[in-house]
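# Structure assessment
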Amino acid sequence: MITFSYPFNNYTEYQDFWTCFDNIKTTRVMDIQSHAVISGKFCKASLYYVEGTFARKWRNLEPDGEKYTFQIGEQENVHGHFINCDLTDLLGRRDLIPLQFNVPKQKHMPQFPHTHEDCWPILWGMIEGLRSFDGENLESMGMKDWWDPKLMNWVGPHTIGHLETLKGFEDYHQKPFLKFVPDRTGVGAKNKVMFSDGSYAALMGHPSLICTHKGEYFGFKPEGKTPRMFVMDFYTSHDGRLVDNWIQIDMPDLFRSINEEYRKKIDEALCYTRNLFW
């Protein structure tokens, strides 16, 4: 069985979605595998883009003949098979999800080729840094020690956007996110897997964080709810620093988990009938 991001309940629904597009083109970004057994299983992860022309009605969305780009992460690990497809380019152009930048989705490819240089120590150091946030200063996390500040590309769900340089990442994602969920923690999260394959790496959590909505985020005011976050990360490194990070966050389900009005709106548009996604 495959676990999908919102609003797909099964493989048939996922395949039906793609029948609504013409001129489909797939671009592979990375395909990696763990070199050690993790809880009895070698883990695999893939990141790719699918582009297509929206030609036929999908649920309550009318076709417009426009080209759309979908960033997709996939993992097979000890917890199962997971696919996280970012629909926010399609939804954002229909005012069904907020967008930070009103621009078309663009593909981003690794800046450097895959090598055998193990990025695990860099990746783990960066994650430990994220855990050391003092609640006030971003510098307390020491991200400049693990990222190349100028070459950093953070390629998020289209709602958040493609952010260049460490400063761009801090200004347009990290600062607003930490105000949104200042009590975030990975303790208690489920289906978590992280592994490296030379200079590339992958991480997943379903959910990835345990946290409370405490600050306004994309116009959604805090109601004290617990956001749901189905997350996948893909990384590249070069010369001892991380440089690329593609991140899959199931933004439609995150927003519907913190705001009942949005949940009703998006569920109606996408003919989604289950009350809870997870």
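Coordinates for the structure precede this section.
Starting from 1, residues in each chain are numbered consecutively following that chain's sequence as written. Restriction of local features to residues with pLDDT of at least 70 applies here, the model being predicted, together with a cutoff of 80 or more for giving and counting side-chain atom pairs; totals for whole chains, interfaces and linings are based on all residues. In computing side-chain properties, one takes all heavy atoms of the structure into account and sets aside hydrogens as well as water.

### Description of the overall build of the chain
Rules: Strands here mean DSSP runs of E at least two residues long; helices mean DSSP runs of H or I at least four residues long; both are numbered from the N terminus. In this setup the radius of gyration rests on C-alpha atoms only. A globule is expected at 2.2 Å times the number of residues raised to 0.38. For every residue, the accessible area (1.4 Å probe, protein chains only) is compared with the maximum for its type, and the residue is labelled buried under 20%, exposed over 50%, or partly exposed between those bounds. Whether two residues touch is decided by their heavy atoms; if any such pair falls within 4.5 Å, the residues are in contact. Using a 1.4 Å probe, accessible areas were evaluated by the Shrake-Rupley method; residue-level cover was limited to the displayed protein chains. In this charge count, Lys and Arg are treated as positive and Asp and Glu as negative; neither His nor the chain ends contribute. Charge positions come from single atoms, namely NZ of Lys, CZ of Arg, CG of Asp or CD of Glu.
Tallying secondary structure elements over the chain gives 6 helices and 11 strands in all. In terms of overall size, the chain behaves like a compact globule, its C-alpha atoms giving a radius of gyration of 18 Å where 278 residues would be expected to give roughly 19 Å. Referenced to the eigenvectors of the C-alpha coordinate spread, the extents of the chain come out at roughly 45 × 40 × 35 Å. Counting over 278 residues, the chain shows a buried share of 54%. Of all intrachain contacts in the chain linking residues separated by at least 6 positions in sequence, the fraction that spans at least 24 positions is 67%. Accessible area for the chain stands at about 12600 Å²; split by element, carbon and sulfur atoms hold 50% of it. Between the mean site of the 31 positive side-chain charges and the mean site of the 37 negative ones, the chain shows a separation of 3 Å.

### Remarks on the packing of aromatic side chains
Think of a pair of aromatic rings as described by two things: how far the centres are apart, and how the planes are tilted against each other in angle. Convention followed: Pairs were defined over the aromatic rings of Phe, Tyr and Trp, the Trp ring being its six-membered one, requiring ring centres within 6.5 Å. Orientation was assigned from the angle between planes: stacked under 30 degrees, edge-to-face over 60, tilted for the rest.
Considering all chains together, one arrives at 30 aromatic pairs under this definition. Arranged with centres 5.2 Å apart and planes meeting at 80 degrees, the rings of phenylalanine 8 and tyrosine 14 form a pair that is edge-to-face. The interplanar angle of 65 degrees and the centroid separation of 6.2 Å between the aromatic rings of phenylalanine 82 and phenylalanine 230 together place this pair among those described as edge-to-face. Here phenylalanine 230 lies in the loop between β9 (200-205) and β10 (231-238) and phenylalanine 82 lies in strand β5 (residues 80-85), a separation of 148 residues in the sequence.

### Observations concerning the packing of helix α5 (residues 251-258) against helix α6 (residues 260-269)
Our working rule: Lines fitted to C-alpha atoms define the axes here, with helix axes fitted over just the stretch in contact, and angles between the N-to-C directions of these axes take values from 0 to 180 degrees. In what follows, roughly perpendicular refers to angles from 65 to 115 degrees, roughly parallel to angles under 35, roughly antiparallel to angles over 145, and oblique to any angle outside these ranges. Crossings are sorted by hand: turned counterclockwise from the far helix by less than a right angle, the near helix makes the crossing left-handed, and turned clockwise it makes it right-handed. When residue character is reported, Ala, Val, Leu, Ile, Met, Phe, Trp, Tyr, Cys and Pro are called nonpolar, Asp, Glu, Lys and Arg charged, and the others, Gly included, polar.
Orientation of α5 relative to α6, taken along the N-to-C sense of each, is 135 degrees, at an axis distance of 5 Å. Our classification of the angle between α5 and α6 gives oblique. Our pair here, α5 against α6, has a crossing hand that is left-handed. Here α5 contributes Pro252, Phe255, Arg256 and Ile258 to the contact with α6, which in turn contributes Glu260, Tyr262, Arg263, Ile266 and Asp267. Partitioned by chemical class, the residues of the contact of α5 with α6 number 5 nonpolar, no polar and 4 charged.

### Quick notes on the environment of leucine 91
In this fold, leucine 91 is placed in helix α2 (residues 88-92). Leucine 91 gets classed as buried once you look at its relative accessible area, which sits at 0%. Separated by 30 residues in the primary sequence, leucine 91 and leucine 61 place their C-alpha atoms 9.1 Å from one another. Beyond its immediate chain neighbours, meaning those up to four positions away, leucine 91 contacts Leu61, Leu96, Ile97, Pro252, Ile266 and Leu270.

### Let's talk about the pairing of β10
Consecutive side chains of a regular strand alternate in pointing toward one face of the sheet and then the other. Definition in use: The pairing criterion is simple: DSSP has to find at least two bridges between the two strands.
Most of β10 sits inside the fold, with 7 of its 8 residues counted as buried. When β9 meets β10, the two strands line up antiparallel, connected through 6 bridges. Within the sheet, the bridge partner assigned to glycine 205 lies in β10 and is valine 231. Sheet topology note: the β10/strand β11 (residues 241-249) ladder contains 8 bridges and is antiparallel. Directly across from phenylalanine 234, in β11, lies its bridge partner tryptophan 246. Between the end of β10 and the start of β11, which pair antiparallel, lie 2 residues, with aspartate 239 showing a positive phi angle near 55 degrees.

### Description of helix α4 (residues 165-180)
The test is simple: To estimate how far a helix should reach, multiply one less than its number of residues by 1.5 Å. Bend, at a single residue, is the angle you get between axes fitted to the 7 residues ending at that residue and the 7 residues starting at it.
Along its 16 residues, α4 runs 22 Å from first to last C-alpha, staying within 8% of the 22 Å computed at 1.5 Å per residue. The sharpest bend along α4 comes to roughly 40 degrees, located at aspartate 171. Looking at α4, one finds that the buried residues are Leu166, Gly168, Phe169, Glu170, His173, Gln174, Phe177, Leu178 and Phe180. As for α4, its buried residues are in contact with α3 (120-131), β6 (153-155), β7 (162-164) and α5.

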